[in-house]
Amino acid sequence: MNNFTSHGLSDIEVHTLLAQEYERQNNTVSLIASENLASTQIRHSQSSVFTNKYAEGYPGKRYYGGCEIADKLELLCQERACKLFDAKYANVQPHSGSQANMAVFNALLNPGDTILGMDLSAGGHLSHGSHINFSGKVYKSIAYGLNEKELIDMDQVKRLALEHKPKMIIAGTSAYSKIIDWQLFREIADEIGAIFLADIAHVAGLIAAKQYPNPVNIADVLTSTTHKTLKGPRGGIILTNHENIFKKINKGIFPGIQGGPLMHVIASKAICFHDAISEEYQTYISNVLANNKAICNELSKNFDIVSGGSDTHLCIVKLADCTGKEAEAWLANHGIIVNKNMIPNDTNSPFETSGIRIGTPSCTSRGFGVEECIQLAKYITKIIQNQNQVSETIKQEVISLCKKYPIEQYLD
Ligand code: DSN
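Note that the structure is a prediction, hence the values are computed from the model and not measured.

A. Structural detail: the packing of aromatic side chains. Applying the stated criterion to the full structure yields ten aromatic pairs. Taking 5.9 Å as the distance between ring centres and 45° as the angle between the ring planes, the aromatic pair formed by Phe-105 and Phe-134 counts as tilted. Taken as a pair, Phe-105 in helix 4 (residues 97-108) and Phe-134 in helix 5 (residues 134-138) lie far apart in primary sequence, 29 residues in all. Overall, the relative accessible area of 19% leaves Phe-134 in the buried class. The interplanar angle of 50° and the centroid separation of 5.2 Å between the aromatic rings of Phe-368 and Tyr-405 together place this pair among those described as tilted. Placement of Phe-368 in the loop between helix 13 (361-365) and helix 14 (370-386) and of Tyr-405 in the segment after helix 15 (392-404) is noted, with a sequence separation of 37 residues between them. Here Phe-368 and Tyr-405 have matching classes, each one buried. The structure contains a cluster of three or more aromatic residues connected by ring pairs, namely Phe-105, Phe-134 and Tyr-139.

Laid out in C-alpha cells, this is it:
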C-alpha cells in the first residue's frame, strides 16, 4: 500500500508528481502576479461529479438530457457573477481568459476588422492583437504603448484610434501597475463609434473588492480570468450590461469556439464569486495591495520600478546589471518564484528581458503580511546583487517563512 492508494488513488506516476508539485508550492514563495492559491473547496469542486456531465448549450436550451442540475448550477454561477461585478449579464463558460477574448471577437467582429490593443511588450496581453496570436492573425491589429512617464499613452490611443478607426478598442493589461482610465477609453471609442472591451483579468479581484474602478457601466463588454486576484478556479468569464451583446456573445462561445462547458469548473467559479463578495475577501485584497506596496517601496531603494511605482497587486522591476532570465533563475535557486518581464524600450528579447514582474496575490493567500514582504524584498535585492552566488542563509530563511505559512494540503 502506498500513500495514494490509501486515498483511493492508484496512478503512482501522476500522484507522485502531484505530491512533488505540492511540496514545491509549499516550500517556495510564488510572487508570480497572475498566480494564486485556490481554496480547498474550490479545488475539490473541480474534481466533483460535474466533470462527468456534458451540457452543451445554455440553461433550458441544452443538447443533452440530464442537465436539470447543471442548469441550476450555471444559473447560480451567472447570478453570483452579476452580483459580484454589478453586471446585468454573465457568460461563465469560457475555459480561459484568452477563450473569453476569442469569443468576444468572434461575436462582435469579422475577420480582417481592425482592433486597437496594448502592445504585449508594453504590458498588454497576447490575445489583444499580438502578431503571434490568433488575435493578430485573424484581425488587423494596431498597438498602443506607454508614454515617457511609463503610463498608458492615452494621446497615442486617441491618435491611433482616429487614424485607423478600429472596430474595437481593448483596454486591459498583464503587466501594468497603475490604474487604467476606463472613462477616457470610452470617450475615445465613442468618438469613432468603436466597441470598447475591458479585459479585467488581472484586476478582477481588486474590482470585486471595490478597490479598483469597475468598468462595467463604462465598457460595452468585460472579459476576465477567474484564477488570478479572484482566487478562483482556472477559467474565464464575460460580462456585459447589454442584452444584444450578451446574445451574440453566448453564440460566440457556444457553438462559436467551444463545445461542452466545464461544469465542474463552473461549480468552482460559483464558489469563488460567493467567497469574493465577503468582507474577508475585501480584507484579503487590502492585504494584497499593502503587501505589494511594501515590496515595491523596499525594492525601489535599489531598483527602478516601471511607471514609478504601483497602485495594484504587482510591480515591474528594472534590472541594470543582469537580465530578467538570470534574476528569475537566481531567485528560484533561493525558493522565490517570479517571472522575467519586458520593460519599456527593452533591448533584450522576450526570452531574456531586462525586468522581472512581482505580485502578491499568492503569498498573501498563504498569510504573508507587510513584514514578511519587506523581508522578501530584502532577499530579492541581495540575491540579485550577489548574482550567481547562492546564499544558504537566505535559502534557509525562505524555507522557514514557507513553513510558518504553509499552503493547504492538496489531499485531505
Ligand atoms: N499568463 C498571464 C499572466 O501571467 O499575466 C496572462 O495570460
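B. Spotlight on the site of the ligand. Around the ligand, the structure places Ser-34, His-125, Ser-174, His-202, Lys-228 and Arg-357. Between the ligand and His-202 there is a distance of 2.7 Å, counted from an oxygen atom to a side-chain nitrogen or oxygen. Between the ligand and Arg-357 there is a distance of 2.8 Å, counted from an oxygen atom to a side-chain nitrogen or oxygen. For the ligand, whose unbound accessible area comes to 230 Å², protein coverage reaches 63%. Of the residues belonging to the shell around the ligand, the class tally is no nonpolar, four polar and two charged.

Quick notes on the rules
Residues numbered from 1 in each chain as written. Predicted model: local features only at pLDDT ≥ 70, side-chain atom pairs only at ≥ 80, totals over all residues. Heavy atoms only, no water. Phe/Tyr/Trp six-rings, centres within 6.5 Å; stacked < 30°, edge-to-face > 60°. Helix = DSSP H or I, 4+ residues; strand = E, 2+ residues; numbered from the N terminus. Buried < 20%, exposed > 50% of the residue type's maximum accessible area, 1.4 Å probe, protein only. Near = heavy atom within 4 Å. Polar contact = N/O pair within 3.5 Å; in protein donor to acceptor, adjacent residues only side chain to side chain. Areas by Shrake-Rupley, 256 points an atom, 1.4 Å probe, with all protein chains shown as cover. Nonpolar A, V, L, I, M, F, W, Y, C, P; charged D, E, K, R; others polar.

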